[in-house]
Amino acid sequence: MVVNADRLVPSIETTTSEHEESPVRSTRYVLVTLGAVCCQISAGIILSGLSMFTDKIRADLWPNGELSRARVQTFFTVLLLVAIVVMPIAGRLIGRLGGRKLLFIGGTISSLGLAGLSTVHGMGGLYLFGAITGLGFGMSVNYVPIILVNTWFHKFKGLAMGVVVAGTGLGGVLSSLVFSNTNPPVSEGGLGWRTSMLIGAGLYALFCLLPAWLLVVNKPADVGLPVYGQTNVDHAGSDGHGLAVTGARQGLRVGEALRSGWFWMLYAMVVLLGIYYAMGQITQPFFVNQETYPGSGMTPALVGTLMSAQMIGVLMAKPILGILIEAIGMIKAMAILMVAHAIAGYLLGTILYPASAWIFVVIWLVGAGFAIGSLTPPLVCGMAFGQRDYAAIYGVLGSAYSLGLAVGAVLWSAIGTIGVPADQPWRLYREAMKWCWVLSIVILGGYLLAIRGGQATQRRLHGVKE
């Protein structure tokens, strides 16, 4: 038996004559997807928007440069570390409370945490309210939208996941457009970072709490619908990979997955992916602090436009990547996008300023490559370990990407300025952008091995002979 690691989900025999959905009933799938997209917009405000505050906070609270940018950025690391701890707990709670309640509870907590960040006067406050924000973030918008897609969709899961996680790109675009204009001090025509942080808290609450109330339903059965594209789910059969299945219950139990070395290999690959793509959080200060050349022409408005181009790249690439995954498989789709990102990253590392207009194409492609980070971990989780305890398993695996981002955000901030001449900052960051494609090879190989190993473990533990 040869395992096809590019298959998105196991193929389960279905009887298409059952559970035919009328156009009216099927709109519920669209509404739930829209609700999940909105929640991911809130996630984008955290993941992309907060990085735009670091320099403003540092300039206000430590105007003489007493603390480095990397040190100030550690409040974001604390936020993500708390989210990492909370996600496995959310994986256990979602079966009792449901995703809708978790969105309400977590969304309220993180909105209050963001509002609290607007009041701080030192690192202690940044850590405290960063931790509160991470607590709510980890149990709500960083976790629940993924589970909603996995719960509601069998057919077109890759496309649906791509559309939903594109919401983080929308959140990034929104953050770039809003905060680039409001973050500057009042004396420079802005509102200041404190008022901007309150605006961010309001936007976060709007895109999390309102959709949770109006659009989100925990599972299709709650409104009398089947999982999309999956019918007659109670019969037993084979999934085409040699695994015995009973509807959607095939796969490892959470304890079995966590005892598997293949799970921890995959966890390490997702951490590495997070570190790699944390570079996307540093492009904004990179443009602001690009190597000093006379007449570089770099202005706050231009920086905002460049960041919007990057976020649009992320936004557009996620559903496109989802379509590619459906068509040719995840590993091949990842390889295509990683090649494009590697080329664009190399070019970004060589561009001198003032740059030609084609820099917008380059930064768009850089952003497109970042789409892999948020889309592939939830899909590879199901591919490797099945659906039986998906919510609990992904509660642990999903924390890996957040861990990578937490480490990477500080790493790239330090690399941007360490050991370089004062008039040429970010030299090492440029070199990293040019050569980090090497990590892509490691990640792709690790993904492939973990998928095959996880599926082999399913066959072994559940007694199915090849």
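Nothing here was measured: the structure is a model prediction, and the numbers come from that model.

### Focus on the overall build of the chain
Counting secondary structure elements, the chain contains 18 helices and two strands. Within the chain, buried positions represent 57% of all 466 residues. Counted over contacts in the chain with a minimum sequence separation of 6, partners at least 24 positions apart contribute 82%. By element, 67% of the accessible surface of the chain is carried by carbon and sulfur atoms, the whole surface being about 17800 Å².

### Considering the side chain of Ser402
Within the secondary structure, Ser402 sits in helix H16 (residues 390-415). When neighbours within four sequence positions are excluded, Ser402 is seen to be in contact with Leu80, Ile84, Met87 and Asn142.

### A word on the nonpolar core
Within the largest apolar cluster, 131 residues are counted, with the highest numbers of intra-cluster contacts made by Phe137, Phe287 and Tyr447. Among the elements that line this core, the one with the most residues is H16, at 13 residues. Once residues within four sequence positions are removed from consideration, Phe287 is found in contact with Met298, Val303, Leu306, Met307, Leu348, Tyr353, Ile359 and Ile363.

### Some points on helix H12 (residues 300-328)
In a regular helix each residue adds 1.5 Å, so 29 residues correspond to 42 Å; H12 covers 41 Å between its end C-alpha atoms and thus fits that length. Approximately 25 degrees is the largest bend angle found in H12, and it occurs at Ala317, with the proline Pro319 only one to four residues beyond. Following H12 by one or two positions, Gly329 adopts a phi angle in the positive range, close to 100 degrees.

### A look at unusual backbone geometry
Positioned with a positive phi, Phe156 is a non-glycine residue whose angle comes to about 60 degrees. Note on placement: Phe156 falls in the loop between helix H6 (144-152) and helix H7 (157-182). You can call Phe156 partly exposed: its relative accessible area is 38%.

### Things to note about the packing of helix H2 (residues 54-61) against helix H3 (residues 69-97)
Running from amino to carboxyl end, H2 crosses H3 at an angle of 120 degrees, the nearest separation of the two axes being 10 Å. Of the two possible hands of crossing, H2 and H3 adopt the one that is right-handed. Seen from H2, the contacting residues are Thr54, Asp55, Ile57 and Arg58; seen from H3, they are Arg69, Val72, Gln73 and Phe75. Class assignment of the residues belonging to the contact of H2 with H3 gives a composition of three nonpolar, two polar and three charged.

### As for the pattern of salt bridges
Inspection of the entire model under this criterion finds three salt bridges. In this structure, the salt-bridge partner of Lys219 is Asp222, at a minimum N-O distance of 3.2 Å. Under the relative-accessibility criterion, Asp222 is labelled partly exposed at 42%. The shortest N-O distance in the salt bridge between Glu256 and Arg253 comes to 3.4 Å. On the basis of relative accessibility, which here comes to 42%, the residue Arg253 falls in the partly exposed class.

### Considerations on the packing of aromatic side chains
For the coordinates displayed, the defined rule picks out 16 aromatic pairs. Seen in terms of ring centroids, Tyr277 and Phe370 are 5.4 Å apart; in terms of plane orientation they differ by 75 degrees. Their pairing is edge-to-face. Linking Tyr277 in helix H10 (residues 261-277) with Phe370 in the loop between helix H14 (359-369) and helix H15 (371-385), this pair joins segments that are 93 residues apart in sequence. The same class applies to Tyr277 as to Phe370, namely buried. Plain terms: the ring middles of Trp435 and Trp437 are 6.4 Å apart, the flat faces sit at 45 degrees to each other, and that makes the pair tilted.

### Here we look at the environment of Thr457
Relative to the helices and strands, Thr457 resides in helix H18 (residues 437-461). Judged by its relative accessible area of 6%, Thr457 is buried. Those residues within four positions of Thr457 in sequence are excluded, and the remaining contacts are Leu252, Ser260 and Trp262. A polar contact is formed between the side chain of Thr457 and the backbone oxygen of Gly453, at a distance of 2.8 Å.

### With respect to the side chain of Gln387
With respect to the secondary-structure elements, Gln387 resides in the loop between H15 and H16. Here Asn150 takes part through its side chain, which lies 2.7 Å from a polar atom of the side chain of Gln387.

### A look at a nonpolar patch on the surface
A grouping of Val339, Ile343, Leu347, Trp358 and Val361 is seen on the molecular surface, where their side chains present a nonpolar patch of about 470 Å² in accessible area. Among the elements that take part in the nonpolar patch, helix H13 (residues 330-350) stands out by supplying three residues, more than any other. With respect to the helices and strands, the residue Leu347 is situated in helix H13.

### Remarks on H6
Taken across its nine residues, H6 has eight buried, putting it largely inside the fold. Within H6, the full set of buried residues consists of Val144, Pro145, Ile146, Ile147, Leu148, Val149, Asn150 and Trp152.

### With respect to the state of the cysteines
Taken as a whole and assessed by the stated rule, the structure comprises zero disulfides. Of all cysteine sulfurs, the one in Cys39 lies closest to Cys208, which takes part in no disulfide; the gap is 4.9 Å.

### Regarding the confidence of the model for the chain
Of the residues in the chain, 86% have a pLDDT of 70 or more, and the chain-wide mean is 82. With pLDDT under 50 throughout, residues 1-24 is counted as low confidence; its partners more than four residues away or in other chains account for 56 contacts. Low confidence marks residues 233-248, where pLDDT is under 50. Its contacts with residues over four positions away, or in another chain, come to 41 contacts.

### Section: the environment of Ala344
Mapped onto the fold, Ala344 is located in helix H13. For the pair Ala344 and Val361, spaced 17 residues apart in sequence, the C-alpha separation works out to 8.5 Å. Among residues more than four places away in sequence, those in contact with Ala344 are Val362, Leu365 and Val366.

### As for the packing of H12 against H15
Where H12 meets H15, the closest approach of the two axes is 9 Å, and the angle between their N-to-C directions is 40 degrees. Viewed along their axes, H12 and H15 form a crossing whose handedness is right-handed. Contacts between H12 and H15 involve Val314, Ala317, Lys318, Leu321, Gly322 and Ile325 from the former and Ala371, Ile372, Ser374, Leu375 and Leu379 from the latter. A class-by-class count of the residues in the contact of H12 with H15 yields eight nonpolar, two polar and one charged.

Analysis parameters
The numbers attached to residues start from 1 for each chain and follow its sequence in the written order. In keeping with the predicted nature of the model, local features appear solely for residues at pLDDT of at least 70, side-chain atom pairs appear and are counted solely at 80 or more, and the whole-chain, interface and lining totals rest on all residues. Think of the side-chain values as coming from all heavy atoms in the structure, minus any hydrogens and water. In this text, helices come from DSSP runs of H or I with a minimum length of four residues, and strands from runs of E with a minimum of two, each type numbered from the N-terminal end. Burial status follows relative accessibility: with a 1.4 Å probe on protein chains alone, a residue under 20% of its type maximum counts as buried, one over 50% as exposed, and anything between as partly exposed. The contact rule is simple, with two residues in contact once any of their heavy atoms fall within 4.5 Å. Accessible surface is estimated by sampling points in the Shrake-Rupley manner with a 1.4 Å probe; for residues, cover comes only from the protein chains shown. What is meant by a nonpolar core is a set of buried Ala, Val, Leu, Ile, Met, Phe, Trp, Tyr and Cys residues, joined one to another through side-chain atoms within 4.5 Å. In this analysis, the expected span of each helix is defined as 1.5 Å times one less than the number of residues it contains. To get the bend at a given residue, fit one axis to the seven residues ending there, fit another to the seven starting there, and take the angle between those axes. Each axis is a line fitted through C-alpha atoms, taken for helices only over the stretch in contact, and angles between the N-to-C directions span 0 to 180 degrees. Whether a crossing is left-handed or right-handed is set by the direction in which the near helix is turned from the far one by less than a right angle, anticlockwise for left-handed and clockwise for right-handed. Each residue receives one of three labels: charged for Asp, Glu, Lys and Arg, nonpolar for Ala, Val, Leu, Ile, Met, Phe, Trp, Tyr, Cys and Pro, and polar for the others, Gly being one of them. By convention in these notes, a salt bridge is any Lys or Arg side-chain nitrogen within 4 Å of a carboxyl oxygen on Asp or Glu. Aromatic rings from Phe, Tyr and Trp, with only the six-membered ring used for Trp, were paired whenever their centres fell within 6.5 Å, and each pair was classed as stacked if the ring planes differed by under 30 degrees, edge-to-face if by over 60, and tilted otherwise. Side-chain atoms alone can form a polar contact between residues adjacent in sequence; in general such a contact is a pair of N or O atoms within 3.5 Å, and within protein one must be able to donate a hydrogen while the other accepts it. Patch membership requires over 30% relative accessible area and the absence of a salt bridge. Like charges are linked within 9 Å, and nonpolar side chains (Val, Leu, Ile, Met, Phe, Trp, Tyr) within 5 Å. Any two cysteine sulfur atoms lying within 2.5 Å of each other are counted as a disulfide. Confidence scores here are pLDDT values: one per residue, from the predictor, ranging 0 to 100.

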